[in-house]
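# Descriptive structure summary
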Amino acid sequence: MAPAEEQALFADAGLVRLPEGAHGGLMVAGVPLAAIADRFGTPTFVYNLDVVVARYHALDQAFGDLPHRICYAVKANGSLAVMQALAREGAGADLVSGGELARALAAGVPPARLVMSGVGKTAPELRDAVRAGVGFIHVESIEEIEALGAIAAEGERPVAVGIRVNPDVTADTHPAIATGHAGIKFGVPADQVLDAARRIGAHPSLRLASLGVHLGSQLLDLAPYREGVQRLLDVLHAIRRAGMGDDLVALDLGGGFGIRYGNESPLDPAALAAAVVPLVRPTGLTLYVEPGRFLVGPAGILLARVVHRKHAGGKDFTILDAGMNDLARPSLYGAYHHIVSDREHGPLARTDVVGPVCETGDLLGRDRMLPRLGPGALVAILGAGAYGFSMASNYNSRPRPAEVVVAGGRMGLAHPRETVQDLFRGESPAPLAPTPEDV
Ligand SMILES: *Cc1c(COP(=O)(O)O)cnc(C)c1O
């Protein structure tokens, strides 16, 4: 990677490299990575809250005086500490499950600022959302309107409903994270939206408050957003022409704003706003956006130590104590995450950076140029703030990493490392053995 590209990644993460010497190495938000690793061990996710908050404000300011709300997509990183930092700045949250609802409430996000989506919300999840008083519940099918209506009728207040429209927009991203084209499970197809609006309007316990889309994830182009807004406007006008939509307050453009992992040009909030704001303003509605990755991705680092290096089949392998169970994106999507050594000693050599998991696919970085790192050497895997811990698993019975937050020169443990005992808490080794009631 070119030095200027690495410089841009460091700036995104709030990382600084101090010159080699007794106190050399990498610092994030004024805290040495080595100090974090010494105190909390490895592998550990480190989230720079200064960066999270700065990114929130950059996006917030881009939309200027257009009425808008930024609802953080919790699935990117459900850390209570991250959510609370965002909620303090005024962010809402975008939820896709009852578990995320509970998390957002525990973090203190005001319920009115919550938006719930999801293609398979169960009745208990819908009931919890209604009882909590979430801002909007986005329905993704005609069938769901009936289910939600029945639950809404149990309460006194009408429930604010959004329709997640499938905009049939093709976005240039990894097929696994493209969500806006026709023929996939997400959203109400455009030709059913009027019917959906009619059913919501006719239901005494529901009111149609929002129209939304979500176009995909890690989108670097403005084109899908232009198209997405246009689809929302088409639907809005059709609904208004049909004499409906008097209760509408919001247009929700979803998330997906792309970030820099390597040499890509990230989506620019100012350019996004310039494309979208003039289209939304005449509607008189509030613009909602649901970024996850954009707010937290660059703010996160996965800290790991080298277990050892080995040579095999003419290749050099640097084996870390972090693997695909901790950070799934490289093995799941072939995603690139930049990996840097804490210390800069000696010449660089080509190496595959791998984890300890018993899968050939447990590769974190192929053909990387790194110093020859011995056991215990510290490395930082960048861009790990989104879809890192939230996708981590216990595969190979590996406890999930600790989560640490840093800001303004301070560090704090947001979530202790799982213990091995956590892995089988509640399990029964012989559940078929006769119990006292059986005999
Ligand atoms: C995943 C998701 C988001 C956030 O996507 P990012 O790429 O992390 O910004 C927003 N809205 C909905 C409905 C989602 O499912």
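This write-up is about the structure you can find in this document. (Residues numbered from 1 in each chain as written. Predicted model: local features only at pLDDT ≥ 70, side-chain atom pairs only at ≥ 80, totals over all residues. Heavy atoms only, no water.)

### A look at the sheet that holds strand 2 (residues 25–28)
A sheet is described by the order of its strands in space; here 3 strands give the open sequence 1-2-3, paired in antiparallel fashion. Of all strands in the sheet, those bounded by a partner on one side alone are strand 1 (15–18) and strand 3 (31–32). (Pairing = 2+ DSSP bridges. Helix = DSSP H or I, 4+ residues; strand = E, 2+ residues; numbered from the N terminus.)

### Focus: the layout of surface pockets
If you add up the space inside the largest pocket, you get close to 620 Å³. Lining the largest pocket we find 32 residues, and of these Lys 75, Val 96, Phe 186, His 214 and Tyr 387 sit closest to its centre. Of the residues belonging to the lining of the largest pocket, the class tally is 11 nonpolar, 13 polar and 8 charged. (1 Å grid on protein atoms, 1.4 Å probe; cavity = no way out; pocket = protein on both sides within 12 Å on 5 of 7 lines; lining within 4 Å. Points joined across faces, edges and corners; volume = space filled by probe spheres on them. Nonpolar A, V, L, I, M, F, W, Y, C, P; charged D, E, K, R; others polar.)

### A short note on the site of the ligand
As a matter of local geometry, the ligand sits amid 14 residues, with Lys 75, Ser 217, Gly 256, Glu 290 and Tyr 387 nearest to it. Within the backbone of Arg 293, one N or O atom sits 2.8 Å away from an oxygen atom of the ligand. In isolation the ligand exposes 390 Å². Once the protein is present, 95% of that is buried. Placement of the ligand is best described as lying within the largest pocket. Across the shell around the ligand, the residue classes tally to 3 nonpolar, 6 polar and 5 charged. (Near = heavy atom within 4 Å. Polar contact = N/O pair within 3.5 Å; in protein donor to acceptor, adjacent residues only side chain to side chain. Areas by Shrake-Rupley, 256 points an atom, 1.4 Å probe, with all protein chains shown as cover. Sits in = over half its atoms within 2 Å of the grid points.)

### Topic: the side chain of Lys 121
Inspection of the secondary structure puts Lys 121 in the loop between strand 7 (114–116) and helix 6 (123–132). Here Lys 121 falls in the buried class, since its relative accessible area comes to 9%. Engagement of the side chain of Lys 121 in a polar contact is seen with the backbone oxygen of Gly 118, the distance being 2.7 Å. A polar side-chain atom of Lys 121 sits 2.7 Å from the main-chain carbonyl oxygen of His 138. For Lys 121, the residues in contact, after removing those within four places along its chain, are Met 116, Leu 126, Ile 137, His 138, Val 139, Glu 140 and Glu 144. (Buried < 20%, exposed > 50% of the residue type's maximum accessible area, 1.4 Å probe, protein only. Contact = heavy atoms within 4.5 Å.)

### Topic: helix 9 (residues 223–241)
The terminal C-alpha atoms of helix 9 lie 27 Å apart, and with 19 residues this matches the ideal 27 Å at 1.5 Å per residue to within 8%. Those residues of helix 9 lying buried are Pro 224, Tyr 225, Gly 228, Val 229, Leu 232, Leu 233, Val 235, Leu 236 and Ile 239. Those residues of helix 9 hidden inside the fold are in contact with strand 9 (159–166), helix 8 (193–202), strand 11 (206–212), strand 12 (250–252) and helix 10 (269–280). (Expected span 1.5 Å × (residues − 1).)

### Side note on the nonpolar core
Counting residues in hydrophobic clusters, the biggest one holds 103 residues, and the most contacted among them are Tyr 72, Ile 163 and Leu 211. The element that contributes the greatest number of residues to this core is helix 9, accounting for 7 residues. Leave out the neighbours within four places in its chain, and Ile 163 touches His 138, Val 139, Val 188, Val 193, Ala 196, Ala 197, Ile 200, Leu 208, Ser 210, Leu 211 and Gly 212. Within the second largest apolar cluster, 21 residues are counted, among which are Leu 15, Leu 33, Val 340 and Val 404. (Core = buried A, V, L, I, M, F, W, Y, C linked by side-chain atoms within 4.5 Å.)

### Re unusual backbone geometry
Look at the link from Thr 42 to Pro 43: it is a cis peptide, with omega at -10°. Turning to its location among the elements, Pro 43 is positioned in the loop between helix 2 (33–40) and strand 4 (44–48). One non-glycine residue, Ala 29, lies in positive phi territory at about 50°. Its location among the elements puts Ala 29 in the loop between strand 2 and strand 3. A relative accessible area of 13% places Ala 29 in the buried class. Positive phi is not limited to glycine here, since Asp 367 has a value of about 50°. Counting through the fold element by element, Asp 367 comes out in strand 18 (residues 363–371).

### Structural notes on the packing of aromatic side chains
Going through the model one piece at a time under the given rule, you end up with 5 aromatic pairs. Ring geometry for Phe 257 and Phe 294: centres 6.2 Å apart, planes at 70°, overall edge-to-face. Of this pair, Phe 257 sits in the loop between strand 12 and helix 10 while Phe 294 sits in helix 11 (residues 293–296); the two residues are 37 residues apart in sequence, bridging distant segments of the chain. Assessed through its relative accessible area of 1%, Phe 257 is described here as buried. Among the aromatic residues, those joined into a cluster by ring pairs are Phe 45, Tyr 47 and Phe 389. Here Arg 55 stacks its cationic end above the ring of Phe 294, 4.3 Å away from the centre of that ring. (Phe/Tyr/Trp six-rings, centres within 6.5 Å; stacked < 30°, edge-to-face > 60°. Lys NZ or Arg CZ within 6 Å of the ring centre and 35° of its normal.)

### Some details on helix 5 (residues 98–106)
Regarding helix 5, the residues found buried are Gly 98, Glu 100, Leu 101 and Ala 104. End-on view of helix 5: buried residues confined to an arc of 155°, all on one side of the axis. Among the structural elements, helix 4 (80–89), strand 6 (92–95), strand 7 and helix 6 are those in contact with the buried residues of helix 5. Two or three places before Gly 99, at the start of helix 5, stands the capping residue Ser 97, its side-chain oxygen 3.3 Å from that residue's backbone nitrogen. The positive-phi residue at the C-terminal boundary of helix 5 is Gly 108, with phi of around 90°. (Arc of directions from axis to C-beta.)

### Description of empty space enclosed by the protein
All told, the structure shown has 1 cavity of 30 Å³ or more when counted by the stated rule. The wall of the largest cavity is formed by Leu 9, Asp 12, Ala 13, Arg 260, Tyr 261, Pro 298, His 338, Leu 382 and Gly 383. Taken together, the residues of the lining of the largest cavity break down into 5 nonpolar, 2 polar and 2 charged.

### Looking at the pattern of salt bridges
If you walk through the whole model with that rule in mind, you get 17 salt bridges. A cluster of three or more residues bridged by salt bridges with shared partners is formed by Glu 146, Asp 195 and Arg 199. (Salt bridge = Lys/Arg side-chain N within 4 Å of Asp/Glu carboxyl O.)

Function cannot be read off these values alone, since they describe shape.
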